[in-house]
Amino acid sequence: MDAQRQPKLLIVDDEPTIVEFTQKIYEKKGFITFGADDGIKAVEIFQKERPEVNLIDVHMPFSPIDGTETLRRIKEIDKNACCIMVSRVTDKERVEACRKNGASAYILKPFDLDVLDNTITEITKIQIPKET
Amino acid sequence: MSQENLRLSIRDIFHMLDNKHLVFVMYSDKLIKSFGQILSRKDLPQDLRELVSDYIGSLKMLKTTGHQSDTLLNETKPIIYEKLNPDEGYFDADSIKQKLEEPGPHFQGPEWKE
């Protein structure tokens, strides 16, 4: 991936292990990554960095605002922001709320990394190298 | 809401379990791919090839187990949600966090070794 055109990825999840892991993976794949373990921090990072892709966990009990509200606030800043929501099969109401708030897509936990790569590429057209 | 008063519901606890399953699946998936790359090297000695194949087999088992645990959890959820209010704060968040940070009994010392 061209160093000058490195896309930015924001990962929002209240499980730090998931944030750290996803950051490491996508840094190797050429992204500049940002991690947030709560929605408030995520909105602050978005305001400053404007990442091309925002991966947001829907349910975050340890966060002052959940994923749906995080999405809403990001969309308020930039209605064209690409937000991929991560959720559960059982979170149907929340998923519907995210769709109404302008989420670009949602993927279900637990997912394989290929699923995430394919979703990002499908929405943003960013070509992601396979395993590095 | 202050972090001190944060109460977690059954839905929250299940969400944390969901995340643990995701960590299982993501990490094993990543390692399977990394070992797969090593295995694709033509100059890899036969003994290492067998060892790496064995690692991949074990990791695939871990990944499958992560998915299976998740399936079982999803089967359980609706039954529990029917009996108990899934959004009532039954658990103290600080206490749960503290327990998760404690090492398990198998880390405590040589007396646990076989």
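Below you will find a few notes about this structure. Here the structure is a predicted model, which means the values were calculated and not measured.

Side note on the overall build of chain B
From N to C terminus, chain B includes 3 helices and 2 strands. The helix and strand sequence of chain B, counted from the amino end, reads β-α-α-β-α. Residues counted as buried form 14% of the 114 residues belonging to chain B.

With respect to helix α2 (residues 46–83) of chain B
Residue and element names in this part refer to chain B. With 38 residues, α2 ought to run about 56 Å at 1.5 Å a step, and its terminal C-alpha atoms sit 56 Å apart, in line with that. At K77, α2 is deflected by roughly 30 degrees, the largest bend along its length, and proline P78 occurs up to four residues later in sequence. All of the buried residues along α2 are L59, K63, G66 and D70.

What to know about the interface of chain B and chain A
Listed per partner, the contact involves 21 residues of chain B and 15 residues of chain A. Elements that contribute at least two residues to the side of chain B that touches chain A include exactly α1 (10–39) and α2 of chain B. Per-element accounting of the side of chain B that touches chain A gives the leading share, 15 residues, to α1(B). Of the residues assigned to the side of chain B that touches chain A, the class counts are 6 nonpolar, 8 polar and 7 charged.

What to know about the nonpolar core
Residues and elements named next belong to chain A. L10, A42, L55, I56, C83 and M85 are the most contacted members of the largest nonpolar core, which totals 35 residues. Of the residues forming this core, the biggest block, 5 residues, is contributed by helix α1 (residues 16–28). Residues within four places of I56 in sequence aside, it is in contact with V12, A42, G67, T70, L71, C83, M85 and V86.

With respect to the sheet that holds strand β1 (residues 8–12) of chain A
Residue and element names in this part refer to chain A. The strand order across the open sheet built from 5 strands is β2-β1-β3-β4-β5, with neighbouring strands paired in parallel fashion. Of all the strands in the sheet, just β2 (32–36) and β5 (105–108) have a single pairing partner and so form its edges. On average, each strand axis in the sheet is inclined to that of its neighbour by 20 degrees, with strand direction left out of account. By the bridge criterion, 4 bridges tie strand β3 (residues 53–57) to strand β4 (residues 83–87) in an arrangement that is parallel. Bridge assignment links D57 to a residue of β4, and that residue is V86. Against the sheet, helix α5 (residues 113–124) engages β3, β4 and β5, with an angle of about 175 degrees to β5.

Thoughts on the environment of A:K79
Looking at where A:K79 falls in the secondary structure, it is placed in the loop between α3 (67–77) and β4. Between the C-alpha atom of A:K79 and that of A:E52, which follows or precedes it by 27 residues, the distance is 12 Å.

Quick notes on the pairing of β1(A)
All names here are of chain A. Extensive coverage of β1 is indicated by the burial of 4 of its 5 residues. In terms of handedness, the path from β1 via α1 over to β2 forms a crossover that is right-handed. Pairing analysis gives 4 bridges linking β1 to β3, with the strands arranged parallel. Across the sheet, V12 pairs through a bridge with I56, a residue of β3.

Conventions adopted
- Residues numbered from 1 in each chain as written.
- Chains lettered and ligands numbered in written order.
- Predicted model: local features only at pLDDT ≥ 70, side-chain atom pairs only at ≥ 80, totals over all residues.
- Helix = DSSP H or I, 4+ residues; strand = E, 2+ residues; numbered from the N terminus.
- Buried ≥ 20, exposed ≤ 12 C-beta atoms within 10 Å, placed from the backbone.
- Expected span 1.5 Å × (residues − 1).
- Bend = angle between axes of the 7 residues up to and from the residue.
- Contact = placed C-beta atoms within 7 Å.
- Nonpolar A, V, L, I, M, F, W, Y, C, P; charged D, E, K, R; others polar.
- Core = buried A, V, L, I, M, F, W, Y, C linked by C-beta atoms within 7 Å.
- Pairing = 2+ DSSP bridges.
- Axes fitted to C-alpha atoms, helices over the stretch in contact; angles between N-to-C directions.
- Right-handed = clockwise from strand over helix to strand, strands pointing away.

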